[in-house]
There are 2 protein chains.
Amino acid sequence: MSIEGEVRDSATRRERVGLDEALVSEVREALERRDTALATALARTLHPSDLADLIQLLEPHQRLLLLRALGPDVDPDTFAYLEESVREELLERLGPDWGGRIVAELDVDDAVDVLEDLDRAEREAILERLPIHERIAVEEQLRFPEDSAGRLMQRDFVAVPEYWLVGQTIDYLRATPGLPDDFYDIFIVDPRMHPVGGVPVSRVLRSRRSVAMRDLRLKELHLIPATMDQEEVAFLFRQYGLVSAPVVDEQGRIIGVITVDDVVDVIEEEAEEDILALGGVSETDVFVPPAETVRRRAPWLLINLITAIIASMVIALFEETIARVVSLAVLMPIVASMGGNAGTQTLTIAVRALATRELSPANAARVIAKELLAGCLNGLLFLAVGAAVALVWFGDPWLAAVFGLAMLVNLVVAALSGVAIPLLLHRLGLDPAVASSVFLTTITDVVGFFAFLGLAQLVLLD
Amino acid sequence: MSIEGEVRDSATRRERVGLDEALVSEVREALERRDTALATALARTLHPSDLADLIQLLEPHQRLLLLRALGPDVDPDTFAYLEESVREELLERLGPDWGGRIVAELDVDDAVDVLEDLDRAEREAILERLPIHERIAVEEQLRFPEDSAGRLMQRDFVAVPEYWLVGQTIDYLRATPGLPDDFYDIFIVDPRMHPVGGVPVSRVLRSRRSVAMRDLRLKELHLIPATMDQEEVAFLFRQYGLVSAPVVDEQGRIIGVITVDDVVDVIEEEAEEDILALGGVSETDVFVPPAETVRRRAPWLLINLITAIIASMVIALFEETIARVVSLAVLMPIVASMGGNAGTQTLTIAVRALATRELSPANAARVIAKELLAGCLNGLLFLAVGAAVALVWFGDPWLAAVFGLAMLVNLVVAALSGVAIPLLLHRLGLDPAVASSVFLTTITDVVGFFAFLGLAQLVLLD
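Bear in mind that the values here come from a model prediction, so they are computed numbers and not experimental data.

Bringing the overall build of chain A into the picture now. Summing up its helical and strand segments, chain A has 22 helices and six strands in all. A compact globule built from 462 residues would reach a C-alpha radius of gyration of about 23 Å, whereas chain A, at 30 Å, exceeds it by more than 25%. Expressed along its principal axes, the backbone C-alpha trace of chain A runs to roughly 95 × 60 × 50 Å. A buried classification covers 50% of the 462 residues belonging to chain A. Contacts spanning at least 24 positions in sequence make up 70% of the contacts within chain A whose residues lie at least 6 apart.

With an RMSD of 0.1 Å, the fit of chain A onto chain B corresponds to turning through 180° and sliding 0.0 Å along the axis. Look at the turn and shift together and you get a two-fold axis relating the two. The fraction of interface residues of chain A whose copies in chain B are also interface residues reaches 99%, indicating that both copies meet through the same surface.

Turning to the pairing of strand S2 (residues 185–189) of chain A, a few remarks are in order. All names here are of chain A. Burial analysis of S2 places four of its five residues in the buried class, the great majority of the element. With three bridges joining them, strand S1 (residues 159–161) and S2 adopt parallel strand pairing. By the bridge assignment, Val-160 is partnered in S2 with Ile-188. Between the parallel pair S1 and S2, the chain is carried across by helix H12 (residues 166–175), and the sense of this crossover is right-handed. For S2 and strand S3 (residues 195–200), the ladder comprises five bridges, and the chain directions are antiparallel. Paired with Asp-185 across the bridge in S3 is Pro-200. Connecting S2 to the next strand, S3, in antiparallel fashion are five residues, including Met-193 with a positive phi near 65°.

All right, on to unusual backbone geometry then. Residues and elements named next belong to chain B. One non-glycine residue, Met-193, lies in the positive phi region at around 70°. Assignment of secondary structure puts Met-193 in the loop between strand S2 (185–189) and strand S3 (195–200). In the Ramachandran plot, Arg-357 falls in the positive-phi region, its phi being about 65° despite a non-glycine side chain. Inspection of the secondary structure puts Arg-357 in the loop between helix H19 (327–355) and helix H20 (361–394). Under the C-beta neighbour-count criterion, Arg-357 is labelled partly exposed, with 14 such atoms within 10 Å.

Interface size is commonly expressed as the accessible area that is lost once the parts come together. At the interface, 123 residues of chain A touch 122 residues of chain B. Take the side of chain A that touches chain B: its biggest share by element is 17 residues, from helix H19 (residues 327–355) of chain A. A per-class count over the side of chain A that touches chain B returns 68 nonpolar, 27 polar and 28 charged.

Let us now look at the sheet that holds strand S5 (residues 244–248) of chain B. Residues and elements named next belong to chain B. Ordered by their spatial adjacency, three strands build an open sheet running S4-S5-S6, and the pairing between neighbours is mixed. Of all the strands in the sheet, just strand S4 (224–225) and strand S6 (254–259) have a single pairing partner and so form its edges. Bridge count between S5 and S6: five bridges; the pairing is antiparallel. Within the sheet, the bridge partner assigned to Val-248 lies in S6 and is Ile-254. Sitting on the sheet, helix H16 (residues 260–278) touches S5 and S6, and the angle it makes with S6 is about 60°.

Before going further, it helps to spend a moment on the domain arrangement of chain A. By the assigned domains, chain A splits into domain 1 (19–148), domain 2 (159–260) and domain 3 (290–460). Here the C-alpha centroids of domain 1 of chain A and domain 3 of chain A sit 46 Å apart.

This next bit is on the environment of Ala-298 of chain A. When you line up the elements, Ala-298 of chain A lands in helix H17 (residues 290–317). As for Ala-298 of chain A and Val-281 of chain A, which are separated by 17 residues in sequence, their C-alpha atoms are 9.5 Å apart. Setting aside its immediate chain neighbours within four residues, Ala-298 of chain A contacts Asn-378 and Leu-381 of chain B.

Across chain A, pLDDT averages 90, with 96% of residues at or above 70. For this predicted complex, the interface score ipTM comes out at 0.85, alongside a pTM of 0.85.

On to the packing of H19 of chain B against H20 of chain B. Residues and elements named next belong to chain B. Running from N to C, H19 and H20 cross one another at 155°; their axes reach a closest spacing of 12 Å. Put simply, H19 runs roughly antiparallel to H20. Remark: the crossing between H19 and H20 carries right-handed chirality. Across from Ser-327, Leu-331, Met-338, Ala-342 and Thr-346 in H19, the residues of H20 making contact are Glu-371, Asn-378, Phe-382, Ala-390 and Phe-394. Residues belonging to the contact of H19 with H20 are distributed by class as follows: six nonpolar, three polar and one charged.

Residues and elements named next belong to chain A. Pairing within the open sheet is mixed, and its three strands lie in the order S4-S5-S6. Sheet topology places strand S4 (224–225) and strand S6 (254–259) at the edges, where each strand pairs with a single neighbour. Helix H16 (residues 260–278) contacts strand S5 (244–248) and S6 of the sheet and is inclined by roughly 60° relative to S6.

Glancing now at helix H4 (residues 48–57) of chain B. Counting buried positions over the 10 residues of H4 of chain B gives eight, a clear majority of the element. When H4 of chain B is considered as a whole, its buried residues turn out to be Asp-50, Leu-51, Ala-52, Asp-53, Leu-54, Ile-55, Gln-56 and Leu-57 of chain B. Elements that come into contact with the buried residues of H4 of chain B comprise helix H20 (361–394) of chain A together with helix H2 (21–32), helix H3 (36–44), helix H5 (60–70), helix H6 (77–81) and helix H7 (84–105) of chain B.

Further remarks concern H7 of chain B. Residue and element names in this part refer to chain B. With 22 residues, H7 ought to run about 32 Å at 1.5 Å a step, yet its terminal C-alpha atoms sit only 19 Å apart, falling short of that. Its axis deflected by about 120° at Gly-95, H7 carries its strongest bend there, up to four residues before the proline Pro-96. Burial in H7 covers these residues: Val-86, Arg-87, Leu-90, Leu-91, Trp-98, Gly-99, Gly-100, Ile-102 and Val-103. Buried positions along H7 lie against H4, H5, H6, helix H8 (108–115) and helix H9 (120–128).

So, on to the environment of Ala-415 of chain B. Residue and element names in this part refer to chain B. Relative to the assigned elements, Ala-415 resides in helix H21 (residues 397–427). Expressed as a C-alpha distance, the spacing of Ala-415 and Ala-350, which sit 65 residues apart in the sequence, is 11 Å. Excluding residues within four positions of it along the chain, Ala-415 makes contact with Ala-342, Thr-346, Glu-371, Leu-372, Ala-374 and Gly-375.

All names here are of chain B. Relative orientation of the contacting elements H8 and helix H10 (residues 132–142) amounts to 65°, with a least axis distance of 9 Å. Judged by the sense of rotation from one axis to the other, the crossing of H8 with H10 is right-handed. Contacts between H8 and H10 involve Val-108, Ala-111, Val-112 and Leu-115 on the former and, on the latter, Ala-137, Val-138, Gln-141 and Leu-142. When its residues are assigned to classes, the contact of H8 with H10 shows seven nonpolar, one polar and no charged.

Glancing now at the environment of Val-247 of chain B. Residues and elements named next belong to chain B. Assignment of secondary structure puts Val-247 in strand S5. For Val-247 and Ile-258, which are 11 residues apart along the polypeptide, the C-alpha to C-alpha distance reads 6.9 Å. Setting aside chain neighbours within four positions, we find Val-247 in contact with Ala-149, Gly-150, Met-153, Ile-224, Ala-226, Ile-255, Gly-256, Val-257 and Ile-258.

Conventions and cut-offs
- Residues numbered from 1 in each chain as written.
- Chains lettered and ligands numbered in written order.
- Predicted model: local features only at pLDDT ≥ 70, side-chain atom pairs only at ≥ 80, totals over all residues.
- Helix = DSSP H or I, 4+ residues; strand = E, 2+ residues; numbered from the N terminus.
- Rg over C-alpha atoms; globule rule 2.2 N^0.38 Å.
- Buried ≥ 20, exposed ≤ 12 C-beta atoms within 10 Å, placed from the backbone.
- Contact = placed C-beta atoms within 7 Å.
- Least-squares fit on C-alpha atoms with pLDDT ≥ 70 in both.
- Pairing = 2+ DSSP bridges.
- Right-handed = clockwise from strand over helix to strand, strands pointing away.
- Nonpolar A, V, L, I, M, F, W, Y, C, P; charged D, E, K, R; others polar.
- Axes fitted to C-alpha atoms, helices over the stretch in contact; angles between N-to-C directions.
- Domains from an automatic or database assignment.
- pLDDT = per-residue confidence, 0-100.
- Parallel < 35°, antiparallel > 145°, perpendicular 65-115°, else oblique.
- Left-handed = near helix turned anticlockwise from the far one by under 90°.
- Expected span 1.5 Å × (residues − 1).
- Bend = angle between axes of the 7 residues up to and from the residue.

Given below as structure tokens:
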């Protein structure tokens, strides 16, 4: 009976997954009325992940009000799901006693995730309040480099000796307390704790007690060094469809396990980094105050100002020409804009292909040749379209010809730069998503203005 | 012994995950020499996922050569891992007999994935060659809408009645052939095949035979309607850390299961769609021929041409002013460019926040107010910087003042548009990643030119 009730409830909610917007409004209104009883009653029905989303959607003062009203029995996982800047602000406001109580109850990997973002003093204050074994575990894990497998892993895993049978394994699992709640693979280890195989749990369940564990092991075992970058870890999981994999120390001993749910977050993060970098922002800042937002975004705009000035210097070279044929000033932004957009298309494809490894040194020459050819075709197309537009607009065939030719030149240069710049940055070991677009638009602006105004000076002023 | 050998091998490869670049070169060179024996020997050592990557990095004629040399014993999963355009081309060249043999050996969900991209005639030709039960299964699954849970799911799952004990379940799993290879949850179903609970496999393994399955079930069960969009499915998995979830038909009966490895691909795909859309491209086209590339990218450039012309018409309004003060032509692209870049920053954040649901109607007003304030601060900052630059460059305080003010106006408008446009598109049910940036740059160009040239006309020509 009770099972059916719960499931029916879930089934009626199924059209709209995640947090319900009506509930968000209700909680907001309750908090505005200081009706914390209603707000907490509503909030308590939520999965910690949805509760975190709710907290984020509240005004800053409402967040604090709700959390204080929920009291210490709020599911600590809620904090693991919060966006970094919101979490920091709340932990600071709630104080280290609160923070210590929350972090003490988190899994070590989540605790590490929460603590690594805090500033030193706050982190120390919380660490001091942790039970000693928890504190040691967290500090040990924080010693791994940022964004490494060591920070990502869980320290609880299930490992059995090579010579065990399924029956022994099942008896061990039934009798041993303190094993992880849920796990997907059982690792086979040699006497030195080196993993030598992995067995999916379902295979154990389907096998008779007399079967040897080593006979059930998967053909391949992917060991993850604790220092491996999380981006490589994510690639490994995707490429080989892993659900969990053992993390090993420098001596090759198993020290933890990474599971696919951790990796799902990394995949999302890495893709997000690329989107943001291409847009000229370093991190999401929806929940960050305006002044801090400006502090983060202004440096990029300053770089853009400098590159825009460089492009304008090209225009300044042709002031006299423009003074005599003002139509040039009208048409020149079109040439630059078309180059910028065509280049961005190629750039986006190239950055993405480098990330997914569809583009590598092995096929770089072919991809460059292809983009160059596509750029020429595009250029010829927009030479025709552009020239026609300029002819109709200004009725001057020479101006139209110059405009079309400049378009061709810029689209070809844009295609070449769009693929060459990210490849070059990648070869230099830099992240092509971060700096590519500045270089690209500088080139397409400079070339666009120079080609158009230079050609115009040659053709129109003779 | 043999285990250790394999693992050691894997451990030495661990620094560089995925396909080895030296191997790619070796295969390419072997194929150029027509040394297919070496090429196939090297290729046969690879995981199908790496083999797919290798094939993609070859020249088109080499791909065919390698696959023909590998012959029909190539792991069919290789085709499931290939990028769409490469797969289509190869299946077409290799013919429907080859294709049928490959598809027949794939899991149904992978078969659906391969077939859904082909054109009708080719798909039919391959379907005709499938064993009848396989064909029916694939056709049934193809009847679900594109990008739906129904297309994504696997049809094999493990379900047991509510009243079973752990012991019965284990006996059933040991005795029944034809169950899926690996699975992560066992679903509890009522007599009408409605799922009423999910039990992680590891919990079954850790429990005594006399424990009732229903007592092991997780608190929450998330049912996925077969028609649910894959983006919602991915959200569900991420939000609640799911590893597998049952797919149900309209009557609520279980008809399949979606596992996290399918979802990992969807997450990657969805993030990629956003990156590409913001860059003005609809799909990755690294492996697509140049003419087809142009066909895909030119429409976007044409739209950009139209919007650039609109912005240029604004300039045309001020031709006389520019003719008298040519420095305006030099400075005006800077105003437009700064607006475009600042707007793109805000836009990127907003598009991303909408996708991750950090931005919703509940907090839209606050986020708009915040961006507007950040835009004002940014505007004041670059009013000062811009005016200083213009003053030093042209020595005209009035021109400098006009330039700075226009910058302020455009940065404020950019901030507002950057968050308002995606919110508006989202509310209209459109994808904010696709169209936002055209609207944005049109606005920042028009406003930038109008504010700067208009102010200049008022101030400088009096």
